[in-house]
Amino acid sequence: MHTLFDITTQIPAFIHITSASVNDVNAMDHITYEEGAYYIFDRGYVDFSRLYTITQRKAYFVIWAKSSLKYRRLYSAKVDKSIGVLCDQTGRLTGFYTAKDYPEKLRRVKYYDKESERTFVFLTNNMEVTAAQVALLYKNRWQIELFFKWIKQHLKIKSFWGTSENAVRIQLYCAIIAYCLVAIVAEDLKTGRSTYEMLQVIGISLLDKTPVKNYLKE
(Lines give C-alpha, C1' and ligand atoms only; values in the text may rest on other atoms or scores of the structure.)
Protein backbone atom coordinates (compact mmCIF):
# COMPACT_ATOMS: atom_id res chain seq x y z
CA MET A 1 0.00 0.00 0.00
CA HIS A 2 1.51 3.30 -1.14
CA THR A 3 0.37 6.43 0.67
CA LEU A 4 0.74 10.17 0.18
CA PHE A 5 0.31 11.48 3.73
CA ASP A 6 -0.68 15.10 4.40
CA ILE A 7 1.18 16.07 7.59
CA THR A 8 -1.01 19.17 8.05
CA THR A 9 -4.31 17.30 8.21
CA GLN A 10 -2.75 14.04 9.46
CA ILE A 11 -4.71 12.01 6.92
CA PRO A 12 -3.73 10.14 3.73
CA ALA A 13 -4.34 12.25 0.62
CA PHE A 14 -3.67 9.35 -1.76
CA ILE A 15 -3.78 5.56 -1.48
CA HIS A 16 -2.53 3.15 -4.14
CA ILE A 17 -2.64 -0.61 -3.54
CA THR A 18 -0.44 -2.94 -5.60
CA SER A 19 0.94 -6.45 -5.36
CA ALA A 20 4.28 -6.91 -3.60
CA SER A 21 6.05 -7.52 -6.91
CA VAL A 22 5.36 -3.98 -8.19
CA ASN A 23 8.27 -1.57 -7.73
CA ASP A 24 7.58 1.30 -5.32
CA VAL A 25 8.45 4.01 -7.86
CA ASN A 26 5.48 3.05 -10.05
CA ALA A 27 3.14 4.59 -7.48
CA MET A 28 4.64 8.00 -8.28
CA ASP A 29 2.92 7.90 -11.68
CA HIS A 30 -0.49 8.05 -10.00
CA ILE A 31 0.14 11.16 -7.88
CA THR A 32 -1.30 14.50 -9.00
CA TYR A 33 1.45 16.94 -8.04
CA GLU A 34 0.34 20.37 -6.83
CA GLU A 35 2.33 23.49 -7.72
CA GLY A 36 4.33 24.78 -4.74
CA ALA A 37 3.76 21.66 -2.63
CA TYR A 38 6.54 19.62 -1.00
CA TYR A 39 6.80 15.85 -1.51
CA ILE A 40 9.06 13.82 0.76
CA PHE A 41 10.28 10.41 -0.39
CA ASP A 42 12.29 7.55 1.07
CA ARG A 43 15.21 6.34 -1.05
CA GLY A 44 13.08 3.46 -2.31
CA TYR A 45 11.44 6.04 -4.58
CA VAL A 46 14.61 7.33 -6.24
CA ASP A 47 13.75 7.59 -9.92
CA PHE A 48 15.13 10.72 -11.54
CA SER A 49 12.81 10.81 -14.53
CA ARG A 50 9.83 10.78 -12.15
CA LEU A 51 11.48 13.33 -9.85
CA TYR A 52 12.01 15.58 -12.86
CA THR A 53 8.26 15.40 -13.49
CA ILE A 54 7.77 16.99 -10.05
CA THR A 55 10.13 19.81 -11.02
CA GLN A 56 8.28 20.36 -14.28
CA ARG A 57 5.02 20.63 -12.31
CA LYS A 58 6.66 23.44 -10.27
CA ALA A 59 6.47 21.40 -7.08
CA TYR A 60 9.32 20.48 -4.72
CA PHE A 61 10.75 17.22 -3.43
CA VAL A 62 13.17 16.06 -0.75
CA ILE A 63 14.46 12.52 -1.06
CA TRP A 64 16.99 10.39 0.80
CA ALA A 65 19.76 9.76 -1.73
CA LYS A 66 21.25 6.35 -2.41
CA SER A 67 24.89 5.73 -1.55
CA SER A 68 25.64 4.94 -5.21
CA LEU A 69 24.67 8.46 -6.32
CA LYS A 70 26.91 9.91 -9.05
CA TYR A 71 26.97 13.65 -8.50
CA ARG A 72 29.33 16.51 -9.41
CA ARG A 73 29.46 19.53 -7.11
CA LEU A 74 29.40 22.94 -8.81
CA TYR A 75 29.54 25.09 -5.69
CA SER A 76 28.87 24.93 -1.95
CA ALA A 77 27.11 27.17 0.55
CA LYS A 78 28.36 27.93 4.04
CA VAL A 79 26.97 25.59 6.69
CA ASP A 80 26.61 25.55 10.45
CA LYS A 81 27.94 22.17 11.56
CA SER A 82 26.79 22.80 15.14
CA ILE A 83 23.19 22.13 14.04
CA GLY A 84 24.11 18.97 12.15
CA VAL A 85 24.45 20.32 8.60
CA LEU A 86 27.69 18.90 7.19
CA CYS A 87 27.45 20.23 3.63
CA ASP A 88 25.10 22.12 1.33
CA GLN A 89 26.02 21.70 -2.33
CA THR A 90 24.55 22.52 -5.72
CA GLY A 91 25.53 20.35 -8.64
CA ARG A 92 24.44 17.96 -11.36
CA LEU A 93 24.01 14.24 -11.78
CA THR A 94 26.84 12.61 -13.71
CA GLY A 95 25.48 9.13 -14.37
CA PHE A 96 24.93 8.39 -18.07
CA TYR A 97 21.20 7.74 -17.69
CA THR A 98 20.45 9.82 -14.59
CA ALA A 99 21.91 12.96 -16.18
CA LYS A 100 19.46 12.54 -19.06
CA ASP A 101 16.56 11.78 -16.75
CA TYR A 102 17.24 14.86 -14.61
CA PRO A 103 19.11 17.49 -16.70
CA GLU A 104 18.80 20.40 -14.25
CA LYS A 105 20.77 21.30 -11.12
CA LEU A 106 20.09 19.47 -7.87
CA ARG A 107 20.86 20.42 -4.32
CA ARG A 108 22.66 17.93 -2.07
CA VAL A 109 22.47 18.31 1.73
CA LYS A 110 24.42 16.12 4.12
CA TYR A 111 23.02 16.07 7.65
CA TYR A 112 23.96 14.34 10.91
CA ASP A 113 21.01 13.49 13.15
CA LYS A 114 22.05 13.37 16.81
CA GLU A 115 18.92 11.52 17.93
CA SER A 116 19.49 8.51 15.69
CA GLU A 117 23.27 9.02 15.43
CA ARG A 118 23.04 8.64 11.66
CA THR A 119 24.20 10.67 8.69
CA PHE A 120 21.75 11.33 5.86
CA VAL A 121 22.26 12.69 2.35
CA PHE A 122 19.24 14.44 0.88
CA LEU A 123 18.52 15.65 -2.64
CA THR A 124 16.09 18.46 -3.36
CA ASN A 125 15.11 20.74 -6.21
CA ASN A 126 14.40 23.62 -3.83
CA MET A 127 17.24 26.15 -3.75
CA GLU A 128 15.59 28.65 -1.40
CA VAL A 129 14.98 26.93 1.96
CA THR A 130 17.87 26.47 4.37
CA ALA A 131 19.76 23.19 4.64
CA ALA A 132 18.36 22.73 8.17
CA GLN A 133 14.84 23.13 6.77
CA VAL A 134 15.56 20.44 4.16
CA ALA A 135 16.48 18.06 7.00
CA LEU A 136 13.37 19.09 8.96
CA LEU A 137 11.15 18.45 5.94
CA TYR A 138 12.49 14.93 5.68
CA LYS A 139 12.15 14.42 9.44
CA ASN A 140 8.42 15.10 9.08
CA ARG A 141 8.24 11.99 6.93
CA TRP A 142 8.20 10.09 10.23
CA GLN A 143 4.49 10.94 10.42
CA ILE A 144 3.74 8.38 7.73
CA GLU A 145 5.68 5.76 9.69
CA LEU A 146 3.43 6.45 12.70
CA PHE A 147 0.42 6.11 10.41
CA PHE A 148 1.49 2.68 9.16
CA LYS A 149 2.50 1.63 12.68
CA TRP A 150 -0.99 2.39 14.00
CA ILE A 151 -2.65 0.73 11.01
CA LYS A 152 -0.67 -2.47 11.61
CA GLN A 153 -1.14 -2.50 15.39
CA HIS A 154 -4.80 -1.58 15.71
CA LEU A 155 -6.65 -2.29 12.48
CA LYS A 156 -5.83 -5.99 12.13
CA ILE A 157 -3.80 -5.63 8.94
CA LYS A 158 -1.27 -8.25 10.08
CA SER A 159 -3.77 -10.96 9.18
CA PHE A 160 -6.50 -10.92 6.54
CA TRP A 161 -10.02 -12.28 6.69
CA GLY A 162 -9.87 -13.25 3.03
CA THR A 163 -7.09 -14.10 0.59
CA SER A 164 -8.61 -12.86 -2.67
CA GLU A 165 -7.50 -9.49 -4.06
CA ASN A 166 -10.96 -8.04 -3.47
CA ALA A 167 -11.05 -9.21 0.16
CA VAL A 168 -7.63 -7.72 0.89
CA ARG A 169 -8.57 -4.42 -0.73
CA ILE A 170 -11.82 -4.20 1.26
CA GLN A 171 -10.01 -4.76 4.55
CA LEU A 172 -7.36 -2.18 3.73
CA TYR A 173 -9.92 0.41 2.67
CA CYS A 174 -11.97 -0.21 5.83
CA ALA A 175 -8.83 0.45 7.87
CA ILE A 176 -8.17 3.71 6.03
CA ILE A 177 -11.80 4.82 6.43
CA ALA A 178 -11.63 4.17 10.18
CA TYR A 179 -8.45 6.24 10.41
CA CYS A 180 -9.97 9.13 8.45
CA LEU A 181 -13.13 9.13 10.59
CA VAL A 182 -11.00 9.55 13.70
CA ALA A 183 -9.12 12.41 12.00
CA ILE A 184 -12.46 14.13 11.31
CA VAL A 185 -13.47 13.73 14.96
CA ALA A 186 -10.11 15.18 16.04
CA GLU A 187 -10.66 18.21 13.82
CA ASP A 188 -14.25 18.76 15.01
CA LEU A 189 -13.40 18.51 18.73
CA LYS A 190 -10.42 20.89 18.42
CA THR A 191 -8.54 19.06 21.16
CA GLY A 192 -5.10 20.07 20.01
CA ARG A 193 -4.06 16.42 19.99
CA SER A 194 -2.65 14.70 16.95
CA THR A 195 -4.65 12.09 15.07
CA TYR A 196 -2.20 9.46 16.28
CA GLU A 197 -2.89 10.40 19.93
CA MET A 198 -6.63 10.34 19.25
CA LEU A 199 -6.34 6.86 17.80
CA GLN A 200 -4.51 5.62 20.87
CA VAL A 201 -7.18 7.02 23.22
CA ILE A 202 -10.08 5.60 21.21
CA GLY A 203 -8.30 2.26 20.80
CA ILE A 204 -8.25 1.65 24.58
CA SER A 205 -11.80 2.89 25.24
CA LEU A 206 -13.89 1.30 22.49
CA LEU A 207 -16.24 -0.49 24.92
CA ASP A 208 -16.59 2.45 27.31
CA LYS A 209 -19.73 4.59 27.04
CA THR A 210 -17.96 7.74 28.28
CA PRO A 211 -17.94 10.42 25.53
CA VAL A 212 -14.62 10.58 23.72
CA LYS A 213 -14.26 14.31 24.36
CA ASN A 214 -14.19 13.63 28.10
CA TYR A 215 -11.16 11.39 27.72
CA LEU A 216 -9.37 13.93 25.62
CA LYS A 217 -9.73 16.63 28.26
CA GLU A 218 -7.76 14.63 30.78
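Residues numbered from 1 in each chain as written. Predicted model: local features only at pLDDT ≥ 70, side-chain atom pairs only at ≥ 80, totals over all residues. Heavy atoms only, no water.

(A) Summary view of the pairing of strand β6 (residues 85–93). β6 sits mainly inside the fold: 7 of its 9 residues count as buried. Direction of pairing for strand β5 (residues 71–76) relative to β6: antiparallel, over a ladder of 5 bridges. What sits directly across from Y75, in β6, is T90. Direction of pairing for β6 relative to strand β7 (residues 106–113): antiparallel, over a ladder of 6 bridges. What sits directly across from Q89, in β7, is R108. (Buried < 20%, exposed > 50% of the residue type's maximum accessible area, 1.4 Å probe, protein only. Helix = DSSP H or I, 4+ residues; strand = E, 2+ residues; numbered from the N terminus. Pairing = 2+ DSSP bridges.)

(B) Expanded view of the state of the cysteines. Under the criterion given, the structure shown has 0 disulfides. Free cysteine: C174, not disulfide-bonded; nearest cysteine sulfur from C180 at 12 Å. (Disulfide = S-S within 2.5 Å.)

(C) A look at the nonpolar core. Counting 23 residues, the largest nonpolar core has F41 and L51 as its most contacted members. If you list the elements that add at least two residues to this core, you get β3 (38–41), α1 (48–56), β4 (60–64) and β8 (118–124). For this core, the leading source of residues is α1, giving 4 residues. Leaving out residues up to four positions away in the same chain, L51 has contacts with M28, F41, F61, I63 and Y102. F5, F148, M198 and I202 belong to the second-largest nonpolar core, a separate cluster that totals 14 residues. (Core = buried A, V, L, I, M, F, W, Y, C linked by side-chain atoms within 4.5 Å. Contact = heavy atoms within 4.5 Å.)

(D) Structural context of the packing of aromatic side chains. Under the criterion given, the structure shown has 11 aromatic pairs. Measuring from ring centre to ring centre gives 4.8 Å for F122 and Y138, while their planes differ by 35 degrees; the resulting arrangement is tilted. Placement of F122 in strand β8 and of Y138 in helix α3 (residues 131–139) is noted, with a sequence separation of 16 residues between them. Under the relative-accessibility criterion, F122 is labelled buried at 2%. Note on Y138: relative accessible area 10%, which makes it buried. Members of the aromatic cluster, joined through ring pairs, are W64, F120, F122 and Y138. Sitting over the face of the ring of W64, R43 holds its NZ or CZ atom 3.9 Å from the ring centroid. (Phe/Tyr/Trp six-rings, centres within 6.5 Å; stacked < 30°, edge-to-face > 60°. Lys NZ or Arg CZ within 6 Å of the ring centre and 35° of its normal.)

Structural measurements only, silent on function.
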